[in-house]
Amino acid sequence: MTTLRELTTEQVAEIKARLKRGDKYSEIAADYRLNQGRIADIKFGRAFPEVAPAVSAA
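Bear in mind the structure is a predicted one, so any value in this text is a computation, not a measurement.

Undergrad: So what exactly am I meant to see when it comes to helix 1 (residues 9-21) here?
TA: Every α-helix winds through 3.6 residues per turn, so residues three or four apart in the chain are directed the same way. For helix 1, with 13 residues, the first-to-last C-alpha span of 18 Å sits near the 18 Å given by 1.5 Å per residue. If you check which residues of helix 1 are buried, you get Val12, Ala13, Ile15, Lys16, Ala17, Arg18 and Leu19. On its buried face, helix 1 sits against helix 2 (25-32) and helix 3 (36-43). Remark: Gly22 follows helix 1 within two positions and exhibits a positive phi of approximately 105°.

Spelled out as structure tokens, the structure:
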């Protein structure tokens, strides 16, 4: 299982973008091998509050 310390800034930005898009915690957690609670920590700013969501190219 991955820890928050192992995530890159780019990965965190992508996670935030996926949360903003409405992806399920379980799907994101599975893709990054994280616990769903860590996804919630990222979403609610308890982890990586300084990282902005990634901007997707349209």
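Undergrad: What exactly am I supposed to notice about the side chain of Asp23 here?
TA: Take Asp23: it is sitting in the loop between helix 1 and helix 2. In this structure Asp23 comes out as buried when scored by relative accessible area, which is 18%. Among the polar contacts listed, one links the side chain of Asp23 to the side chain of Arg18, at a separation of 2.8 Å. Reaching out from Asp23, the side chain makes a polar contact with the side chain of Arg21 at a distance of 2.7 Å. Excluding anything up to four places from it in sequence, Asp23 contacts Arg18 and Ile28.

Definitions and cut-offs
Residues numbered from 1 in each chain as written. Predicted model: local features only at pLDDT ≥ 70, side-chain atom pairs only at ≥ 80, totals over all residues. Heavy atoms only, no water. Helix = DSSP H or I, 4+ residues; strand = E, 2+ residues; numbered from the N terminus. Expected span 1.5 Å × (residues − 1). Buried < 20%, exposed > 50% of the residue type's maximum accessible area, 1.4 Å probe, protein only. Contact = heavy atoms within 4.5 Å. Polar contact = N/O pair within 3.5 Å; in protein donor to acceptor, adjacent residues only side chain to side chain.

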